[in-house]
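Take a look at the letters that make up each chain.
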Amino acid sequence: MTDLSHIRNFSIVAHIDHGKSTLADRLIQETGTVKDRDMKEQLLDSMDIERERGITIKANTVRIEYDADDGEHYVLNLIDTPGHVDFAYEVSRSMRAVEGSLLVVDSTQGVEAQTLANVYQAIEADHEIVPVLNKIDLPASDCDRVAEQIEDVIGIDATDAIRVSAKTGEGIHEVLEAIVTQLPPPKGDRGAPLKAMLVDSWYDSYLGVVVLVRIMDGVLKKGDRIRMMSTGATHQVDRIGVFRPQMESVDELGPGEIGFITASIKQVRDTRVGDTITHERKPCAEPLPGFKPAQPVVFCGLFPVDSAEFEDLRTAIEKLALNDASFSYEMETSAALGFGFRCGFLGLLHLEVIRDRIEREYDIELITTAPSVIYHIYMKDGSMFELHNPADMPDPSRIDRIEEPRIKATILVPDEYLGDVLKLCQDRRGIQLDLTYAGNRAMVVYDLPLNEVVFDFYDRLKSVTKGYASFDYQLTGYRADNLVKMQILVNEEPVDALSVMVHRDRAETRGRAMVEKLKELIPRHMFKIPIQAAIGGKVIARETLSALRKDVTAKCYGGDATRKRKLLEKQKAGKKKMRQFGKVDIPQEAFISALKMDT
Amino acid sequence: MAEDWTEGGFGLYIHWPYCAAKCPYCDFNSHVARQIDQAAWTRAYLAEIDRVAGELPGRVLNSIYFGGGTPSLMHPDTVAAVIDAARGRWTFANDIEITLEANPGSVEAGRFAGYRDAGVNRVSMGIQALNDADLRRLGRIHTVAEARAAYDVARTRFDRVSFDLIYARQNQSLANWRAELTEGLAMAADHLSLYQLTIEPGTAFGDRYKRGKLKGLPADELAADMYDLTQELCEARGLPAYEVSNHAVPGMESQHNLIYWRYGDYAGIGPGAHGRVTIREQRFATETQLSPTDWLQAVARGSGESLRTPLTGPEQAEEYLMMGLRITEGIDLRRYAALAGDPLSAEAIAELESLGMIATDGTRLAPTRQGRTVLNAVLAKLLAG
């Protein structure tokens, strides 16, 4: 155990690509925590998806031993937090587990929206913040401008910002010194009852559930019986250790220390991020503040492309859910898509990550239906229920009002694209809350319905700003609006998987766009197919896909038989990827593409 | 029970791989060579006939077909030697049809008498278009006048003469095609092959098309209208379609091609020739060496065959269906079921029938005219079940 005065706990706040992982790698390397020959890039990102996308999904931690210029030996604990808005709650817990943050800003780029959201979390957690300007080796680096921007936009003093190149190693020593001299040591009472925060947890195939903890008060030892304060569940600690970054056993963890425990916990679901861990026998009086159970906000259906793979999908989803308490699922039956699951996610990135993992790790091709948010449906009888799936919409005559979730969106964009961004937000029923400038960049804040954002807002934003905008949001609450369920009928039959909730004023435009898209996406059949958008029984948009008139091979003689048969067999395999709906085959991509809007 | 192939008969296909020039739309196995050793080719064909006949003894031969390439570049003696060799190894049916594909040029016309004397009783001429500009665009080396002259010679030399036209060409209007086909029908004897231009990958047209350089091709709607017009004009002239692209006075259909569509047995000889042959109750798909030189060398070593794949019952059923639905007589449902092991889906049949794509009397299943125009979709539906 290390004396509190010689411990420093910190996190790194940065936008994607601003060099957080590279800086972490460099700190680990500079202190000799990992030998040079064992170095690989982005040590802390353990999942393929994390490494490929350069994002962090699970909190990772590493314990660094550092001999400072003052001659003293320090233990530095870095918690690498998820950087994405979908994981805002997880970030807030990680922030509470440390006392300071390095704010890493790319000196060629400047502050981005995501940096803002996370730095505010750090400020809220009373962190001491050390600004670090990265990528000074690049010719486009402009430290003075970016330092000024940090002061303008974030409001923290950046005159002493450390200038580094995580790539070349320049300035890394200064960062380590700043951690020791500028960040405060943790506080805590070794004699008090155990109070530890559950920072994160994950499933390890050898060890079972691994729990990342920060000890606030007291001492945690191997063999201790512990209690999870939110659920009351008790466990016996069978392993205790720290990350360097590989796991290493220790005898105990004392106040201010960060490490892991295993306690024969079967499911990650049984561990809640932000929960307080104490001793069963001598518990602490109060849990740590701020604990919240995970709440999915975006829902969509996941169906196997090949319906024979439903059971494989079930297994995959169950296994992933074991390791992810924030991911919810229940079985869903769709007339169009067969058996699948309605799944809840923290946000779109979370959705994509889970979908990617199912496709990649379990080799199951998926049809993903349009993401939907949770609507609050207030019935005339005074009851309210949460609508997760437009297919479950009750008879509108029994509904009093529908409320939808709203968000506060912050967008940073170079001013030449501002007009396009404002138009996009306006088109998505946004209400402008704020518009400020910092240099040649504008910061706009909009109140937007989450429903208008979950699907392709981010793609559209990237496309209208050529990738120069950054975007972040937080949920603000629910508000009633004139919302209706729009159905799509293909060949006179409603296709449940294409039903969407829309604002009444936008229904015609959306409906028209969807039926036009579907007309392009559905191949011509031997008969003509009406494609309609309808609200209730009323058709608001209609297209007709004309019948296939010519599809025949002009020449087919003895020498063509083999090739032609193979073509037919390929066609047959391709047909498997279509969903038969009534007499109509709908290609799987139609279920998502139909909803993409060009404006 | 008789072997399945007997329902379709037995034919011999001889592939001649050489052309005077390569046409930009053609994806057949054809080559341009300066010098052709006719004697070497004759020896190779005869050796292959011996080899194949050894495996298919005692058969009655319904047809011989010289295809290519441009078989009218064959010396009449070469053709005669092949026909004689076949006669020596199999019994010729009384009504055996012996067809040779011919280029409608003046040089070829000079050889027609020789072909007739060799035993050829039917020629199929690749006239392709009845205006010179389009012939040039199709890469043909003959003119309309030459074609007409060669055709007239052929009519005097052979009982049965057919010719090909290609339509749905670049910048062709419905009215253009009506005029051209009317002219063609005035010339026609008892058989016509009318093909819609198909852009095949790997051809000069295919490359141009991929680069967006092949403009003015008719859209599906116009192509479909052209097809319908073709059916009407041909029917009115007494040459109804008996297959997707083939029209004949009833009784004058190409017996050889009917073997393919009725899914009989056919031996394929020559470079890149495919066959379907039943040997000891197992049907095989056969292929030969594609390149002329490789094939000649392979034959010299004992066999020109490069691939022999046994076909399962369901594979044969699939082939029978896709070939059989091309012809107006359609397929025998019991024969299909016997090959497949299972009958075709009654539900799919009912749906296609209600759409007017097929007609069935419970024994046979035949495409309607409308069904023939979207045959690929009809097949996909039937095979998906």
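Just so it is clear, the structure is predicted and the values come from calculations on it, not from any experiment.

## Some words on the packing of aromatic side chains
Applying the stated criterion across every chain yields a total of 25 aromatic pairs over all chains. Ring geometry for Phe310 of chain A and Phe339 of chain A: centres 5.7 Å apart, planes at 50°, overall tilted. A residue pair is termed long-range when its members are at least 10 positions apart, and Phe310 of chain A in helix H7 (residues 310-322) and Phe339 of chain A in strand S19 (residues 338-345) qualify at 29 residues. On the numbers, 5.4 Å between centres and 85° between planes, the contact of Tyr18 of chain B with Trp41 of chain B is edge-to-face. Placement of Tyr18 of chain B in strand S2 (residues 18-19) and of Trp41 of chain B in helix H1 (residues 38-55) is noted, with a sequence separation of 23 residues between them. Residue Trp41 of chain B is classed as buried on the basis of its relative accessible area of 2%. Following the ring pairs from residue to residue traces out a cluster consisting of Phe310, Phe327, Tyr329, Phe339, Phe341 and Phe345 of chain A. Lying over the aromatic face of Phe527 of chain A, Lys583 of chain A brings its terminal NZ or CZ to 5.2 Å of the ring centre. The ring of Tyr263 of chain B is capped by Arg283 of chain B, whose NZ or CZ atom sits 4.1 Å from the centre of that ring.

## Notes on the UniProt feature "binding site: GTP" (unreviewed entry) in chain A
All names here are of chain A. As annotated by UniProt and renumbered to match this structure, "binding site: GTP" (unreviewed entry) occupies Asp17, His18, Gly19, Lys20, Ser21, Thr22, Asn134, Lys135, Ile136 and Asp137. You can see Lys20 is positioned in helix H1 (residues 20-30). Judged by relative accessible area, Lys20 falls into the buried class, the value being 10%. Positionally, Ser21 belongs in helix H1. Relative accessible area serves as the criterion here: at 12%, Ser21 is assigned to the buried category.

## Things to note about the sheet that holds strand S2 (residues 60-67) of chain A
On the basis of which strands lie adjacent, the open sheet formed by six strands has the order S2-S3-S1-S4-S5-S6 (chain A) and mixed pairing. Each edge of the open sheet is held by one strand with a lone partner, namely S2 and strand S6 (162-163) of chain A.

## Details of the sheet that holds strand S15 (residues 331-332) of chain B
Residues and elements named next belong to chain B. With antiparallel pairing, the three strands of this open sheet are ordered in space as S15-S17-S16. Edge positions in the sheet fall to S15 and strand S16 (358-360), since each has one partner strand and no second. In the sheet, S16 pairs with strand S17 (residues 364-367) via three bridges, with the strands oriented antiparallel. Across the sheet, the residue bridging to Thr360 is Leu365, located in S17.

## Looking at helix H12 (residues 561-576) of chain A
Residues spaced three or four apart along an α-helix face the same direction, because each turn holds 3.6 residues. Residues and elements named next belong to chain A. Under the 1.5 Å per step criterion, the end-to-end length of H12 is 23 Å for 16 residues, consistent within 8% with the ideal 22 Å. Where H12 is concerned, the buried positions are Ala561, Thr562, Lys564, Arg565 and Leu568. Axial view of H12: buried residues confined to an arc of 170°, hence all on one face. Residues of H12 that are exposed and point more than 90 degrees away from the buried face comprise Lys566 and Lys570.

## Digging into the interface of chain B and chain A
Facing the 46 residues of chain B at the interface are 27 residues of chain A. Buried area between chain B and chain A, summed over both chains or domains, comes out near 3500 Å², and the portion from carbon and sulfur atoms is 54%. Considering only the side of chain B, the residues that lose the most area to chain A are Glu318, Met322 and Asn376 of chain B, jointly responsible for 16% of the buried surface there. Across the contact surface, chain B and chain A share eight salt bridges. Between Glu318 of chain B and Lys572 of chain A there is a salt bridge whose closest N-O contact spans 3.5 Å. Put simply, chain B and chain A have 19 residue pairs in polar contact (both at pLDDT 80 or more) between them. Residue assignment for the side of chain B that touches chain A shows that the elements contributing at least two residues are strand S8 (191-196), helix H8 (220-236), helix H9 (255-261), strand S12 (274-279), helix H11 (313-324), helix H13 (346-354), helix H14 (369-373) and helix H15 (375-384) of chain B.

## Looking at the pairing of S17 of chain B
All names here are of chain B. Pairing analysis gives two bridges linking S15 to S17, with the strands arranged antiparallel. Directly across from Ile331, in S17, lies its bridge partner Leu365. What sits between S16 and S17 in their antiparallel hairpin is a turn of three residues, with Gly362 showing a positive phi close to 90°.

## Remarks on the environment of Gly313 of chain B
The topology assignment puts Gly313 of chain B in helix H11. Sequence-distant contacts of Gly313 of chain B, defined by excluding residues within four places in its chain, comprise Leu339 and Ala340 of chain B.

## Concerning the pairing of strand S12 (residues 239-243) of chain A
Residues and elements named next belong to chain A. Across the five residues of S12, four count as buried, placing the element largely inside the fold. For S12 and strand S15 (residues 258-262), the ladder comprises three bridges, and the chain directions are antiparallel. Across the sheet, Ile240 pairs through a bridge with Ile261, a residue of S15. With three bridges joining them, S12 and strand S13 (residues 247-249) adopt antiparallel strand pairing. Note that in S13 the partner of Phe243 across the bridge is Met247. Where S12 folds back on S13, the antiparallel hairpin that results is connected by three residues.

## Some points on the domain arrangement of chain A
Residues and elements named next belong to chain A. Along its sequence, chain A is organised into domain 1 (4-182), domain 2 (195-279), domain 3 (298-369), domain 4 (375-481) and domain 5 (485-596). Computed from C-alpha coordinates alone, the two centres of domain 4 and domain 5 are separated by 29 Å. With 15 residues of domain 4 at the contact, the number on the domain 5 side is 10 residues. Carbon and sulfur atoms supply 64% of the area that domain 4 and domain 5 bury against each other, a total of about 1100 Å² over both sides.

## Concerning the pattern of salt bridges
Residue and element names in this part refer to chain A. For the structure shown, the criterion picks out 61 salt bridges over all chains. In this structure, the salt-bridge partner of Glu65 is Arg63, at a minimum N-O distance of 3.7 Å. Overall, the relative accessible area of 26% leaves Glu65 in the partly exposed class. Lys167 is the salt-bridge partner of Asp137, the closest N and O atoms lying 4.0 Å from each other. Of this pair, Asp137 sits in the loop between strand S5 (128-134) and helix H5 (143-154) while Lys167 sits in the loop between S6 and helix H6 (172-182); the two residues are 30 residues apart in sequence, bridging distant segments of the chain. Of the residues examined, Asp137 reaches a relative accessible area of 30% and is grouped as partly exposed. Accessibility expressed as a relative area gives 63% for Lys167, which makes it exposed. Put simply, Glu404, Arg406, Arg429, Asp447, Glu452, Arg479, Asp481 and Arg506 are held in one network by salt bridges that share partners.

Scoring rules and cut-offs
- In every chain, residue numbers begin from 1 and rise along the written sequence.
- By the order in which they are written, chains take letters starting at A while ligands take numbers starting at 1.
- Per-residue local features of the predicted model are confined to residues with pLDDT of at least 70, and side-chain atom pairs are confined, for both listing and counting, to 80 or more; whole-chain, interface and lining totals are unaffected and use all residues.
- To get the side-chain values, take all heavy atoms of the structure and skip hydrogens and water.
- The rule is short: rings of Phe, Tyr and Trp, with Trp giving its six-membered ring, pair when the centres are within 6.5 Å, and they are stacked under 30 degrees, edge-to-face over 60, tilted in between.
- In this text, helices come from DSSP runs of H or I with a minimum length of four residues, and strands from runs of E with a minimum of two, each type numbered from the N-terminal end.
- Burial classes: relative accessible area under 20% of the type maximum marks a residue as buried, over 50% as exposed, and values in between as partly exposed (1.4 Å probe, protein chains only).
- Our definition puts a charge over a ring when NZ of Lys or CZ of Arg is within 6 Å of the ring centre and also within 35 degrees of the ring normal.
- UniProt positions are given in the numbering used here, feature names are shortened, and annotations may be inferred rather than shown by experiment.
- The pairing criterion is simple: DSSP has to find at least two bridges between the two strands.
- To estimate how far a helix should extend, the number of its residues minus one is multiplied by 1.5 Å.
- What the arc measures is the spread of directions leading from the helix axis to the C-beta atoms.
- A contact between two residues is defined here by any heavy atoms of the two lying within 4.5 Å.
- Reported buried area values correspond to the accessible surface (1.4 Å probe) lost by two parts on association, with both partners' losses combined.
- Salt bridges are counted wherever a side-chain nitrogen of Lys or Arg sits within 4 Å of a carboxyl oxygen of Asp or Glu.
- Pairing of N or O atoms within 3.5 Å defines a polar contact, subject to two protein rules: one partner must be a possible hydrogen donor and the other a possible acceptor, and residues neighboring in sequence count only if both atoms are side-chain atoms.
- Domain boundaries shown here were taken from an automatic or database domain assignment.

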